[in-house]
Amino acid sequence: MPDDDRPRSSEAPARVGSDWPETDLVAARAASTPDREALVDASTGRSWTYRELDAWVGGLAATLDAREGAATSAVVDDANAGPLAGRIGVLSRPRPEVVALVHAAWRTGRELVPLNVGLAPGNLASQARRAGVGTLLADADADALAAAASEHANAPAELVVADLDAVVGEQALDTSGREWTAGSVEHVARPGGVDHVVRPGDVPVTLFTSGSTGDPKAVRVTVGNLLSSATASAF
């Protein structure tokens, strides 16, 4: 793509910490505090412990790992079961499924591109193209917008729209037979053959700027950037 359209990368700090987890933070917490509350759905009051969240993330990570591929046709028999091509766009309100997807992408080395549900279809298609989105996961409230954006894409086959809940939802994943051993980060972090080692320079997410001073720019954010931001906000 043209140089002006390439996502910009922000540099990771030289030193993130001597105890950097080579797996991911959910796996590390599941190993040390498995029964502590990790996530709460404000709309329903349901909560997940780190053990439960890790099982969800692990099942989803295995799904992402198994379904990595490229779209090959404008006609997809079942987009919810086909390859998850390219960077994964996310079109959804804040919800637990997005949290699980973020950490599963982190665990497998996939890159997410959160997109604004308030965009017009043409603008959404433009941002998806510029960020190299191949699969757009949309929740029920945004499926019509996602479909319209796909129609605006230069090549609809390059932007496959799938249902967020069908792909990411906890009920769509079988984690019932997954064993878990307290204290074993190595076991927790590598379900289903997933063996990506997380590094500070990994880019798990591309974010678009607000565009208040011009066209929105795509900025690639590293794991080191995210950890430094989270650490700074905790003090």
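Preceding this section is the structure that the text describes.
Conventions we followed
Residues numbered from 1 in each chain as written. Predicted model: local features only at pLDDT ≥ 70, side-chain atom pairs only at ≥ 80, totals over all residues. Heavy atoms only, no water. Helix = DSSP H or I, 4+ residues; strand = E, 2+ residues; numbered from the N terminus. Expected span 1.5 Å × (residues − 1). Buried < 20%, exposed > 50% of the residue type's maximum accessible area, 1.4 Å probe, protein only. Lys, Arg positive; Asp, Glu negative; His and termini not counted. Salt bridge = Lys/Arg side-chain N within 4 Å of Asp/Glu carboxyl O. Polar contact = N/O pair within 3.5 Å; in protein donor to acceptor, adjacent residues only side chain to side chain.

**Here we look at helix 3 (residues 96-108)**
- Here helix 3 spans 19 Å end to end across 13 residues, near enough to the 18 Å set by a 1.5 Å rise per residue.
- The element helix 3 is largely enclosed, with a buried count of eleven among its 13 residues.
- Buried residues of helix 3: P96, E97, V98, A100, L101, H103, A104, A105, W106, R107 and T108, and no others.
- Two residues or fewer after helix 3 comes G109, characterised by a positive phi angle close to 80 degrees.

**Quick word on the side chain of D41**
- Secondary-structure assignment places D41 in the loop between strand 2 (37-40) and strand 3 (47-49).
- Buried and unpaired, D41 has R93 as its nearest opposite-charge partner, separated by 5.9 Å.
- For D41, the side chain forms a polar contact with the side chain of S43, separated by 2.7 Å.

**Some thoughts on the pattern of salt bridges**
- All told, the structure shown has eight salt bridges when counted by the stated rule.
- The residue R93 makes a salt bridge to D141 at a minimum N-O spacing of 3.7 Å. Taken as a pair, R93 in the loop between strand 6 (87-91) and helix 3 and D141 in the loop between strand 8 (133-138) and helix 5 (143-152) lie far apart in primary sequence, 48 residues in all.
- In this structure R93 comes out as partly exposed when scored by relative accessible area, which is 42%.
- Judged by its relative accessible area of 67%, D141 is exposed.

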